[in-house]
Amino acid sequence: MAQDGECGSNEASSVSAYDEAMDALSSLITQKSRADTSNSGHRFELLFDYVKILDLEESISKMKIIHVAGTKGKGSTCTFTEAILRNCGFRTGLFTSPHLIDVRERFRLDGVDISEEKFLAYFWWCWDRLKEKCNDDMDIPMPNLFRFLALLGFKIFAAEQVDVAIMEVGLGGKFDATNVVQNPIVCGISSLGYDHTEILGDTLALIAGEKAGIFKKGVPAFTVPQPDEAMEVLIEKASQLDVALEVANPLDVKLLNGLDLGLVGDHQYLNAGLAIKLCSTWLQRTGHLEFDSIDQTSSLPQQFIKGLTTATLQGRAQIMQDPSLDFENPGSIVFYLDGAHSPESMEACGNWFSLAIKEPNLLKNNNAETVPINPSENSAQILLFNCMSVRDPQLLLPRLLKTCVGHGINFNKALFVPNMSLYTKVGSTTSSFPQTESLVDVSWQLTLQRVWENIVSSERGNSSVTDNAEYSEISVVKSCENSVVFASLPLAIKWLRDTAKHNKSVRLKVLVTGSLHLVGDVIKLLKK
């Protein structure tokens, strides 16, 4: 463990040391779901005790923070914001969640994941001090996982002396761990919708009220066009705190001078417009007058354009080919990865996937590998899906299927698998996946399969989709006409690879969606 002293020193960095830190982090997981009681405000005041223990009060108060909440698009908005300000010459810190493969993804310095050496030094610095002062039998227990990670983020950004810290809310806003911030420079709220209703409430008004909890007295805030029910609450909460709330317009594509946004999808112009307002306000309020005359209606500074067009976000509208197969031959696999998990994001995902299939040359983005695809080639579209059991597949799957069918894209098969990453273990790039496939409960995946079969039968009616591929019959839990349930993701990947090898004339195009955890697991498997 780290000793008292300067963080970022020559702390030994090794797989075993990193795994030790991951084991320590895993001990902070309070239950097998992201939405635990702390998101409902359970002992929220403890966060201020933790800040005192870590001696972060002054550092956080002086930090020039951009705080962003929302249901959809808050991660993209933060990514655009960081890229813009980095290209303006500032040292940036970006805190986001969740991570896909390695927990260090949550802490980015100047657009790059924090190094393992620095992570370990700052981790143990925080861990040792909290362990010394906290005791589950006393009034101050150890913080749960997300609270610890947020505190660690503040420590990292303070010690690294970032010019700007962009903090993405984990869940909600009012009682989120990032909301220990008392005087941000500017706040943003991205698109609102129904998600985590078991914690935030089951109406848009209740959800908007939780998100507006990040508003601070007199601090300017921006949002995007919202449903009336949500907007009314945001306006009311803003007026109570003397907050100047403005609605950011979507970015006009003409302002990019013929270039494309780094993140793909029409909805990203909404997030980009919000990011521009956040950045211009931050620049103005921090005294950088050279950017004082930004006019979003006629032109943008070159630094803004470069940031918007070079931004990347792993696991969102990302295209990867299977490295285990020869891509020069049609009998190969292309993975289309998008962590969509709400009805609205499912529609956006369906639009992106359909465009990527039908007109790949029109799809230019920083998350796509160089994958030369002929839209007229013989291909089979496969859906690889999972979602959390708190989400309603009756809302997610029909939205995805109808969007794709509307573009003339049909799925030949849907594969349902449990996630490999565990809620009880914080993984890393080096950690292995659980091997006990026979012990995995797939009752939820069987439910997803039933929903899919009913939707497909209803959508297609008496029509049928031509399917020339021969599918491998390796071990499956249950196979139906349009779908298969596997006991594990590796079995599903093996099935896909065997199918590709048996169909040399067919390229498999696999959409992976429904869960960022699933997307992360697939990326990790492909990179092994």
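Residues numbered from 1 in each chain as written. Predicted model: local features only at pLDDT ≥ 70, side-chain atom pairs only at ≥ 80, totals over all residues. Heavy atoms only, no water.

Asker: Sorry if this is basic, but what is going on with the UniProt feature "binding site: ATP" (unreviewed entry) in the protein here?
Answerer: On the UniProt side, "binding site: ATP" (unreviewed entry) is annotated at positions that read Arg 316 and Asp 338 here. These annotated residues cover 23 residues of sequence, and their C-alpha atoms lie no more than 4.3 Å from one another, placing them together at a single site. Position of Arg 316 among the secondary structure elements: in the loop between α11 (302-310) and β9 (318-321). Residue Arg 316 is classed as partly exposed on the basis of its relative accessible area of 23%. Relative to the helices and strands, Asp 338 is located in the loop between β10 (333-337) and α12 (343-358). Accessibility expressed as a relative area gives 13% for Asp 338, which makes it buried. In contact with Asp 338, not counting residues within four places along its chain, are Gly 315, Arg 316, Ala 317, Cys 349, Trp 352, Val 512, Thr 513, Gly 514 and Val 519. (UniProt positions renumbered as here; feature names shortened; annotations may be inferred. Helix = DSSP H or I, 4+ residues; strand = E, 2+ residues; numbered from the N terminus. Buried < 20%, exposed > 50% of the residue type's maximum accessible area, 1.4 Å probe, protein only. Contact = heavy atoms within 4.5 Å.)

Asker: Teacher, can you tell me more about the pairing of strand β11 (residues 379-385) here?
Answerer: As a general feature of sheets, a regular strand has side chains that alternate between the two faces. Within β11, six of the seven residues are buried, which leaves it mostly tucked inside the rest of the structure. Sheet topology places β11 next to strand β15 (residues 507-513); seven bridges connect them, and they run parallel. Paired with Ala 380 across the bridge in β15 is Leu 508. In the sheet, β11 pairs with strand β12 (residues 413-416) via four bridges, with the strands oriented parallel. By the bridge assignment for β12, Leu 384 is matched with Leu 415. Between the parallel pair β11 and β12, the chain is carried across by helix α13 (residues 393-406), and the sense of this crossover is right-handed. (Pairing = 2+ DSSP bridges. Right-handed = clockwise from strand over helix to strand, strands pointing away.)

Asker: Could you clarify how one ought to interpret the UniProt feature "binding site: Mg(2+)" (unreviewed entry) in the protein in this entry?
Answerer: UniProt records the feature "binding site: Mg(2+)" (unreviewed entry) for Ser 97, Glu 168 and His 196 in the present numbering. Considering the arrangement of structural elements, one finds Ser 97 in the loop between β2 (92-95) and β3 (107-109). Topologically, Glu 168 is positioned in strand β5 (residues 164-168). If near-sequence neighbours (up to four positions away) are discounted, Glu 168 is found in contact with Val 68, Lys 74, Gly 75, Cys 78, Phe 95, Thr 96, Ser 97 and Thr 178.

Asker: Would you take a moment to explain the nonpolar core for this structure?
Answerer: As a rule of thumb, nonpolar side chains are buried together in soluble globular proteins. In terms of nonpolar packing, the biggest core is built from 49 residues, with Leu 25, Phe 119, Phe 123, Phe 148, Leu 152, Phe 154 and Phe 157 touching the most fellow members. Going through the elements one at a time, α1 (15-26), α2 (46-53), β3, α5 (116-133), α6 (145-159) and β5 are the ones with two or more residues in this core. Excluding residues that lie within four positions of it along the chain, Phe 148 makes contacts with Leu 25, Leu 28, Phe 123, Cys 126, Trp 127, Leu 130 and Pro 143. If you look at the next biggest cluster of nonpolar residues, it comprises 38 residues, including Ala 248, Ala 272, Ile 294 and Leu 300. (Core = buried A, V, L, I, M, F, W, Y, C linked by side-chain atoms within 4.5 Å.)

Asker: Teacher, can you tell me more about the packing of aromatic side chains here?
Answerer: Any pair of aromatic rings gets described here by the distance separating the centres and the angle formed by the planes. Following the criterion strictly, the structure yields 20 aromatic pairs and no others. One aromatic cluster is present, formed by Tyr 18, Phe 95, Phe 107, Phe 119, Phe 123, Trp 124, Trp 127, Phe 146 and Phe 148 through successive ring pairs. Lying across the ring of Trp 125, Lys 155 places its NZ or CZ 3.6 Å from the centre. (Phe/Tyr/Trp six-rings, centres within 6.5 Å; stacked < 30°, edge-to-face > 60°. Lys NZ or Arg CZ within 6 Å of the ring centre and 35° of its normal.)

Asker: Please clarify how the sheet that holds β2 should be interpreted in this entry.
Answerer: The strands making up a sheet associate through hydrogen bonds between their backbones, and the pairing can be parallel or antiparallel. Read from one edge to the other, the open sheet built from eight strands follows the order β4-β3-β2-β5-β1-β6-β7-β8, with strand pairing classed as mixed. Of all the strands in the sheet, the pair left with one neighbour each is β4 (112-113) and β8 (245-247). Pairing of strand β1 (residues 65-69) with strand β6 (residues 186-189), which is carried by four bridges, proceeds in the parallel orientation. Note on β6: the bridge partner recorded for His 67 is Cys 187. This element, helix α10 (residues 268-285), spans β1, β5, β6, β7 (221-223) and β8 of the sheet and lies at about 175° to β6. (Axes fitted to C-alpha atoms, helices over the stretch in contact; angles between N-to-C directions.)

Asker: Help me out: how do you make sense of the packing of helix α15 (residues 489-502) against helix α16 (residues 516-527) in this one?
Answerer: Relative placement of two packed helices is described by the angle separating their axes and the distance separating the axes. Axis separation between α15 and α16 bottoms out at 11 Å; the angle between their running directions is 60°. With respect to α16, the element α15 is oriented oblique. With respect to the hand of their crossing, α15 and α16 are arranged in right-handed fashion. Facing Leu 489, Pro 490, Ile 493 and Arg 497 of α15, the residues of α16 in contact are Leu 518, Asp 521, Val 522, Leu 525 and Leu 526. Grouping the constituent residues of the contact of α15 with α16 by class yields seven nonpolar, no polar and two charged. (Parallel < 35°, antiparallel > 145°, perpendicular 65-115°, else oblique. Left-handed = near helix turned anticlockwise from the far one by under 90°. Nonpolar A, V, L, I, M, F, W, Y, C, P; charged D, E, K, R; others polar.)

Asker: Quick question: what am I supposed to make of the pattern of salt bridges here?
Answerer: Close approach of charged atoms allows side chains with opposite charge to pair. For the structure shown, the criterion picks out 13 salt bridges. Note that Arg 86 is salt-bridged to Glu 82, the shortest N-O span being 2.7 Å. Note that Arg 86 and Glu 82 are positioned in helix α4 (residues 74-87) at a spacing of four residues, about one turn of the helix. Judged by its relative accessible area of 4%, Glu 82 is buried. Ionic pairing is found between Asp 113 and Arg 108, a salt bridge with its closest N-O pair at 2.6 Å. Owing to a relative accessible area of 25%, Arg 108 belongs among the partly exposed residues under this scheme. (Salt bridge = Lys/Arg side-chain N within 4 Å of Asp/Glu carboxyl O.)

Asker: Teacher, can you tell me more about the side chain of Glu 82 here?
Answerer: Side chain to side chain, Glu 82 and Thr 92 meet in a polar contact 2.6 Å long. If we skip the residues at most four places from it in the chain, Glu 82 touches Thr 92, Leu 94, Asp 110, Gly 111 and Ile 166. (Polar contact = N/O pair within 3.5 Å; in protein donor to acceptor, adjacent residues only side chain to side chain.)

Asker: Any chance you could explain the packing of α12 against α13 here in plain terms?
Answerer: In the contact formed by α12 and α13, the axes pass within 8 Å of each other and the chain directions differ by 30°. The pairing of α12 with α13 is recorded here as roughly parallel in orientation. Here the hand of the crossing between α12 and α13 comes out right-handed. For the pair α12 and α13, contact is made by Pro 343, Glu 344, Met 346, Glu 347, Gly 350, Asn 351, Phe 353 and Ser 354 and by Leu 395, Leu 396, Arg 399, Leu 400, Thr 403 and Cys 404, respectively. Class assignment for the residues of the contact of α12 with α13 results in seven nonpolar, four polar and three charged.

Asker: Even after reading the chapter, I still don't get α5, so can you show me in this structure?
Answerer: The periodicity of an α-helix, 3.6 residues per turn, causes residues three or four places apart in sequence to face the same way. Taking 1.5 Å of rise per residue, 18 residues should cover 26 Å, and α5 covers 26 Å from first to last C-alpha, within 8% of that figure. Turning to α5, its buried residues number three or more, namely Phe 119, Leu 120, Ala 121, Tyr 122, Phe 123, Trp 124, Trp 125, Cys 126, Trp 127, Arg 129 and Leu 130. (Expected span 1.5 Å × (residues − 1).)

Asker: Even after reading the chapter, I still don't get the sheet that holds β11, so can you show me in this structure?
Answerer: Taking strand neighbours across the sheet as the criterion, the seven strands line up as β9-β10-β15-β11-β12-β14-β13 in an open arrangement whose pairing is mixed. Among the strands making up the open sheet, the edge pair consists of β9 and β13 (478-479). Most of the contacts of α12 go to β15, to which it runs at about 165°, and overall it touches β9, β10, β11 and β15. Along the sheet, α15 contacts β10, β11, β12 and β15; its crossing angle with β10, the most-contacted strand, is approximately 140°.

Asker: Looking at this structure, how should I read the confidence of the model for the protein?
Answerer: Should pLDDT be low for a region, the predicted coordinates there are not to be read in detail. Per-residue pLDDT for the protein averages 87, and the proportion of residues at 70 or more is 83%. Note that residues 8-14 has pLDDT below 50 and, in this model, 15 contacts with residues that lie over four places away or in other chains. Between residues 462-466, whose pLDDT stays under 50, and residues either more than four places distant or in other chains, the model counts four contacts. (pLDDT = per-residue confidence, 0-100.)

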